[in-house]
Amino acid sequence: MQFAVSVYKNSDIESLISVGDSFVVYVPNMSCVYDPELRLDDALEKLGDREVILGINKVYLEDELDNLRSFMNTHSKYKFLVSDLGAVQIAKELGLIDRVIYDPNTLICNSMELGLFSNYGFDAIGMSSEIPLSDIKSSFIRTGASLIYQVFGRKIMFYSKRRLVDIYKEFSGLDFGHEGIELQEFMRTQKYPMFYNEGGTYVYRDYLISLLEEMNNLSFLKYAYFEGITLSAEVLANVVNIFKIAINSRDLESAKQELINLNLNIQDGFAYKDTAYVKEGFDE
């Protein structure tokens, strides 16, 4: 199992380079959520001979495919995290399919779908983040597929290609920037981090998930992914070290207490339960 850690800023690398095995560097204008000030060449130089996975996981339009093809060809020594089947096809044309980590977020939900996509020859595949962990385990047992799975951090809950923030600003007559946006429903207290760029609108859950207690049962994962989108690099590095304590020393109780001491909003999410839809006005 490799610990794959998200990188959004050049300044993140100094704190993370000693704790990660792989680094998912989110490329400006080519990934869903990114920091527009990230300098890719500088990041690659700092990471040196570490395993780098280039995050280029946005949904691509037809007129963006030539640029994507050129980018993948130029950076063919690295691995790629993609969600778009157009990107998959280009990787196949370039003979790079074995360097692709395919994570379509919510598409792959069972062992039959996992087995189907395993035939592509990907380096690893991401299953849905909204199915129970038991389904992830059973799908692996049935297929033996190489998996990437998020073990810590926020998970995306909504995406739209529409420019919803600009639409809301026009409708409401309000004027505000695109940084540090949170979405809050009128009758609820939860605040959901929102990110907005030319690729669309992305909303994350109001809590972080942690599979710390499950790590010794997840040894079959090829990549255990740590998402730090709303955390400082220092906190994320601390979290990764805590997970290492749980795995290497088997001292789970100490690791759990260290994580509690960070005072993070951690919940189970869908790790132990299926998504349930209940219509208004009907009892379960």
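Look a little higher up for the structure.
This is a predicted model, so every value here is computed, not measured.

1. Some words on the overall build of the chain
Alright, step 1. Each helix and strand counted, the chain has nine helices and 14 strands in total.
Alright, step 2. For 284 residues, the compact-globule estimate of 2.2 N^0.38 gives 19 Å, and the C-alpha radius of gyration of the chain, at 19 Å, lies within 12% of that figure.
Alright, step 3. By its C-alpha atoms, the chain is 50 × 50 × 40 Å across when sized along the principal axes.
Alright, step 4. Within the chain, the fraction of its 284 residues that count as buried is 48%.

2. Notes on the pattern of salt bridges
Alright, step 1. On inspection of all chains with the given rule, the structure shows twelve salt bridges.
Alright, step 2. E130 is the partner of R205 in a salt bridge, and the nearest nitrogen-oxygen pair spans 2.6 Å. With R205 in the loop between strand 11 (200–204) and strand 12 (208–210) and E130 in the loop between strand 6 (124–126) and helix 6 (133–143), this pair connects stretches of sequence that are 75 residues apart.
Alright, step 3. On the basis of relative accessibility, which here comes to 12%, the residue R205 falls in the buried class.
Alright, step 4. When salt bridges that share partners are traced, they join E51, K79, D123 and K222 into one network.

3. Comments concerning the environment of S83
Alright, step 1. Mapped onto the elements, S83 comes out in the loop between strand 4 (79–82) and helix 4 (85–93).
Alright, step 2. Judged by its relative accessible area of 19%, S83 falls in the buried class.
Alright, step 3. C-alpha of S83 to C-alpha of E227: the two residues are 144 residues apart in sequence and 16 Å apart in space.
Alright, step 4. Sequence-distant contacts of S83, defined by excluding residues within four places in its chain, comprise N57, Y102, D103, P104 and N105.
Alright, step 5. Within the local environment of S83, its side chain forms a polar contact with the backbone oxygen of D103, the two atoms lying 2.6 Å apart.

Rules of the game
Residues numbered from 1 in each chain as written. Predicted model: local features only at pLDDT ≥ 70, side-chain atom pairs only at ≥ 80, totals over all residues. Heavy atoms only, no water. Helix = DSSP H or I, 4+ residues; strand = E, 2+ residues; numbered from the N terminus. Rg over C-alpha atoms; globule rule 2.2 N^0.38 Å. Buried < 20%, exposed > 50% of the residue type's maximum accessible area, 1.4 Å probe, protein only. Salt bridge = Lys/Arg side-chain N within 4 Å of Asp/Glu carboxyl O. Contact = heavy atoms within 4.5 Å. Polar contact = N/O pair within 3.5 Å; in protein donor to acceptor, adjacent residues only side chain to side chain.

Taken by themselves, the reported measurements are silent on function.
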